[in-house]
Amino acid sequence: MTETPTIAFDVDRRVSAPPQLANGTLRVYPLGGVGEVGRNMTVYEMDGKLLIVDCGVLFPEEEQPGVDLILPDMSHIEDRLDDVVAVVITHGHEDHIGAVPYLLRLKQDIPLVASQLTLALVEAKLQEHRIKPFTLQVREGDVEQLGPFEVEFAAVNHSIPDSMAVLVRTKAGNVFQTGDFKMDPLPLDGRVTDLRAFGRWGEEGVDLMVPDSTNAEVPGHTPTERNIQPVLDDAIAKAEQRVIVASFASHVHRVQQVVNAAAKAGRKICLVGRSMVRNMTIASKLGYLDIPEGMLVDFKNVDKIPDHQIVLMCTGSQGEPMAALSRMASGDHKISLDSGDTVILASSLIPGNETSGFRLMNALQYRGINVIHKGNANVHVSGHAYAGELLTVYNVVQPRHVMPVHGEPKHQLANAKLAHATGVPVENLLLANNGTVVDITEGVPSIVGQLDVNYVYVDGSHVGMVTEDDLKDRMVLSKEGFVSVITVVDRKTQRIIQGPDIVVRGVAETAKTFEVIKPKIASALEEAMRDKPDHTQHQLQQVVRRVIGSWVGRKLRRRPMIVPVVVEV
């Protein structure tokens, strides 16, 4: 019996600068979207020119407090923006378009190449940043020459209309990047994943395939979106009070299904949330969404509609604290939810959002609200291919090499095993990280380096100013609180003039508990000034930090943030 070869990540890979790119060689390196679900961005480099595919964001998790968005690490291309021939965008989800404004802030005239709906969503986002982009609209079957890169587009089915896969042709080799896709045989818009184009590309020769890995661990095939409509019809028809449906603000198909179900139940519909209103207005104007005349209610008039005659379509299915549904659940919204209302969570939880999602469900159910979600009803179908669909694509394309992306390491590894099962040799599987540099010469890819790629945090109006240390401090503050020690000293007399005064916040113990440590702090400070008169103010503050930090850890079993302040007179 033949042993199954080992497929594994190179855990010993270290940051190493790639060699100078040789003429006629194609370089490919992801700056986000590998080992994670979000902030997708891949750079292609050849003959001194760069092509970017997707430019998205990642949404923060609980251990990243105060962060609004996480961007790809663009520092590796910031000094080469004049060399960027275009940004090709596969579809209009935030994890593929959300960072475009931050890229175009650096250079506004970089061309954007995408389908009609995708461009419309990007342009609306850029308008908020007062950026008017240069765009090129494409559709499936189009071929565009972008510098040394020839890019062909093929239709794929996903959870947003107008999604595309791309084939990047160069003299060094061909790369097939699937983008996000699935193979719904009966898509709501009739736009199936174009396996004929995939097969044609495979016959031409795909030297490297870069596939979506999100659902590579899930066996079988994704169910058709059409299965959801009767479930929504039944849930909305049976509801006696208001119905609130939460979904992603870009899920046009799901919103259409909710509109259809509401119409059958004789209810009107109200879009809630700025992004939901913006995206669905665009989709409706372009003909991707059909809301019957007179059915749409403006949010400011929603109170005038009886509870049993309205469906609210909002954001917040992931439990995001600032999204409409979470604010409704906490009572911090114009619309307050009542016992007997029905909430339908028409999406699945993105990895990393499970805690916030379950917290939202519990908060809603505690208030007597009927919660319908993927766990108890068929109200959502994933937009990403299951293992059976990935196997089909591998068999159709027969790529020579595969680099799985768009997923956590477990998803990448599962995808690599699927590729191997269809005949791709183990040595032709490239298990990459963000920043992994792959060079393709005469159709043969190989890993040649590893860039140091970091998270870039957006915190309010600040981009890239928040560090990992800042986030650690925020986590300490949120979990352990802080202790401030203020002391006024006289250098000449080497004595304490005032203090130590201790202020505590977010700590269960009161300031009175800390009275016992004050003499030790004072003694340590005076001793330090006597023994080492040249001590700097910072060094004196560190003396305070060590004394109180040791005591708090030993006596109170806590590790709060300690802020020592030594004032000299």
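Keep in mind it's a predicted model, so treat the numbers as computed, not measured. (Residues numbered from 1 in each chain as written. Predicted model: local features only at pLDDT ≥ 70, side-chain atom pairs only at ≥ 80, totals over all residues. Heavy atoms only, no water.)

**Thoughts on the overall build of the protein chain**
For step 1, the next point in the chain: On a plain count of helices and strands, the protein chain comes out with 14 helices and 24 strands.
For step 2, the next point in the chain: In terms of principal-axis extent, the alpha carbons of the protein chain reach across some 85 × 70 × 60 Å.
For step 3, the next point in the chain: Within the span of the protein chain, comprising 569 residues, buried residues form 55% of the whole.
For step 4, the next point in the chain: Sequence-distant contacts, at least 24 apart, represent 73% of the contacts inside the protein chain between residues at least 6 apart.
For step 5, the next point in the chain: Of the accessible surface of the protein chain, which amounts to about 25000 Å², a share of 49% is contributed by carbon and sulfur atoms.
For step 6, the next point in the chain: Positive and negative side-chain charges of the protein chain, numbering 57 and 71 respectively, have mean locations separated by a distance of 7 Å. (Helix = DSSP H or I, 4+ residues; strand = E, 2+ residues; numbered from the N terminus. Buried < 20%, exposed > 50% of the residue type's maximum accessible area, 1.4 Å probe, protein only. Contact = heavy atoms within 4.5 Å. Areas by Shrake-Rupley, 256 points an atom, 1.4 Å probe, with all protein chains shown as cover. Lys, Arg positive; Asp, Glu negative; His and termini not counted. Charge placed at Lys NZ, Arg CZ, Asp CG, Glu CD.)

**Topic: the UniProt feature "binding site: substrate" (unreviewed entry) in the protein chain**
For step 1, the next point in the chain: Taken from the UniProt record, the annotation "binding site: substrate" (unreviewed entry) applies to His-380, Val-381, Ser-382, Gly-383 and His-384.
For step 2, the next point in the chain: Note that His-380 resides in the loop between strand 17 (370-372) and helix 10 (387-397).
For step 3, the next point in the chain: Relative accessible area serves as the criterion here: at 7%, His-380 is assigned to the buried category.
For step 4, the next point in the chain: Not counting the four nearest positions on each side in its chain, His-380 is found in contact with Ile-228, Arg-254, Ala-346, Ser-347, Ser-348 and Lys-374.
For step 5, the next point in the chain: A polar side-chain atom of His-380 sits 3.3 Å from a polar atom in the side chain of Arg-254.
For step 6, the next point in the chain: Turning to its location among the elements, Val-381 is positioned in the loop between strand 17 and helix 10.
For step 7, the next point in the chain: Val-381 sits in the buried class, given a relative accessible area of 2%.
For step 8, the next point in the chain: If sequence neighbours within four positions are ignored, Val-381 has contacts with Lys-182, Thr-222, Pro-223, Thr-224, Glu-225, Ile-228 and Arg-254. (UniProt positions renumbered as here; feature names shortened; annotations may be inferred. Polar contact = N/O pair within 3.5 Å; in protein donor to acceptor, adjacent residues only side chain to side chain.)

**So, the environment of Thr-170**
For step 1, the next point in the chain: Among the structural elements, Thr-170 can be located in strand 10 (residues 164-170).
For step 2, the next point in the chain: Put simply, Thr-170 and Val-151 are 19 residues apart on the chain and 9.0 Å apart in space, counted from C-alpha to C-alpha.
For step 3, the next point in the chain: In this structure Thr-170 touches Leu-26, Met-46, Pro-148 and Phe-149, once residues within four positions along its chain are discounted.
For step 4, the next point in the chain: Of note is the side chain of Thr-170, whose polar atom sits 3.2 Å from the backbone nitrogen of Ala-172.
For step 5, the next point in the chain: A polar side-chain atom of Thr-170 sits 2.8 Å from the main-chain carbonyl oxygen of Gly-173.

**Quick word on the side chain of Ser-159**
For step 1, the next point in the chain: Counting through the fold element by element, Ser-159 comes out in the loop between strand 9 (149-155) and strand 10.
For step 2, the next point in the chain: A residue is classified by how much of its surface remains accessible, and Ser-159, at 9% relative accessible area, is buried.
For step 3, the next point in the chain: In contact with Ser-159, not counting residues within four places along its chain, are His-93, Ser-250, His-251, Val-252 and Gly-383.

**Re the packing of aromatic side chains**
How two aromatic rings sit relative to each other is set out by the distance from centre to centre and by the angle between their planes.
For step 1, the next point in the chain: On inspection of all chains with the given rule, the structure shows three aromatic pairs.
For step 2, the next point in the chain: A ring pair is formed by Phe-176 and Trp-201, whose centres lie 5.2 Å apart and whose planes are at 75 degrees; its orientation type is edge-to-face. In this pair, Phe-176 sits in strand 11 (residues 173-177) while Trp-201 sits in helix 4 (residues 195-204), placing the two residues 25 residues apart along the sequence. Per residue, the accessibility class of Phe-176 equals that of Trp-201, and both read buried.
For step 3, the next point in the chain: Through successive ring pairs, a cluster of aromatic residues spans Phe-176, Phe-198 and Trp-201.
For step 4, the next point in the chain: Lying over the aromatic face of Phe-299, Lys-334 brings its terminal NZ or CZ to 5.0 Å of the ring centre. (Phe/Tyr/Trp six-rings, centres within 6.5 Å; stacked < 30°, edge-to-face > 60°. Lys NZ or Arg CZ within 6 Å of the ring centre and 35° of its normal.)

**Remarks on helix 5 (residues 228-238)**
For step 1, the next point in the chain: Among all positions of helix 5, only Ile-228, Gln-229, Leu-232, Asp-233, Ala-235 and Ile-236 are buried.
For step 2, the next point in the chain: Where helix 5 is buried, its residues contact strand 13 (243-246), helix 6 (252-264), strand 15 (310-314), strand 16 (342-345) and strand 17.

**A look at the state of the cysteines**
For step 1, the next point in the chain: For the structure on display, the rule yields zero disulfides.
For step 2, the next point in the chain: The thiol of Cys-314 is not disulfide-bonded; the next cysteine sulfur, from Cys-270, is found 9.8 Å away.
For step 3, the next point in the chain: The class of Cys-314 is buried, set by a relative accessible area of 0%. (Disulfide = S-S within 2.5 Å.)

**Some remarks on the sheet that holds strand 24 (residues 561-568)**
For step 1, the next point in the chain: Here we have three strands laid out as an open sheet, ordered 23-22-24, and mixed in their pairing. Both edges of this open sheet fall to strand 23 (495-505) and strand 24, since each of them pairs with a single strand only. For this sheet, the mean inter-axis angle between neighbouring strands, taken without regard to orientation, is 15 degrees.
For step 2, the next point in the chain: Judged from the eight bridges that link them, strand 22 (residues 482-490) and strand 23 form a sheet pairing that is antiparallel. Paired with Phe-482 across the bridge in strand 23 is Arg-505. (Pairing = 2+ DSSP bridges. Axes fitted to C-alpha atoms, helices over the stretch in contact; angles between N-to-C directions.)

**Digging into the environment of Asp-531**
For step 1, the next point in the chain: With respect to the helices and strands, the residue Asp-531 is situated in helix 13 (residues 518-531).
For step 2, the next point in the chain: Residues Asp-531 and Gln-494, spaced 37 residues apart in sequence, show a C-alpha to C-alpha distance of 9.9 Å.

**Some thoughts on helix 14 (residues 537-556)**
For step 1, the next point in the chain: End to end, helix 14 covers 28 Å across 20 residues, agreeing with the expected 28 Å (1.5 Å per residue, within 8%).
For step 2, the next point in the chain: Of the residues trailing helix 14, Arg-557 is marked for its positive phi of about 55 degrees. (Expected span 1.5 Å × (residues − 1).)

**A short note on the packing of helix 10 against helix 11 (residues 409-421)**
For step 1, the next point in the chain: It is at 9 Å that the axes of helix 10 and helix 11 come closest, and there the two elements cross at 45 degrees. Between helix 10 and helix 11, the angle falls in the class oblique. Relative to helix 11, the crossing made by helix 10 is right-handed. Taking contact as the criterion, the partners of Ala-387, Leu-390, Leu-391 and Tyr-394 in helix 10 are, on helix 11, Asn-415, Leu-418 and Ala-419.
For step 2, the next point in the chain: Residue composition of the contact of helix 10 with helix 11, grouped by class: six nonpolar, one polar and no charged. (Parallel < 35°, antiparallel > 145°, perpendicular 65-115°, else oblique. Left-handed = near helix turned anticlockwise from the far one by under 90°. Nonpolar A, V, L, I, M, F, W, Y, C, P; charged D, E, K, R; others polar.)

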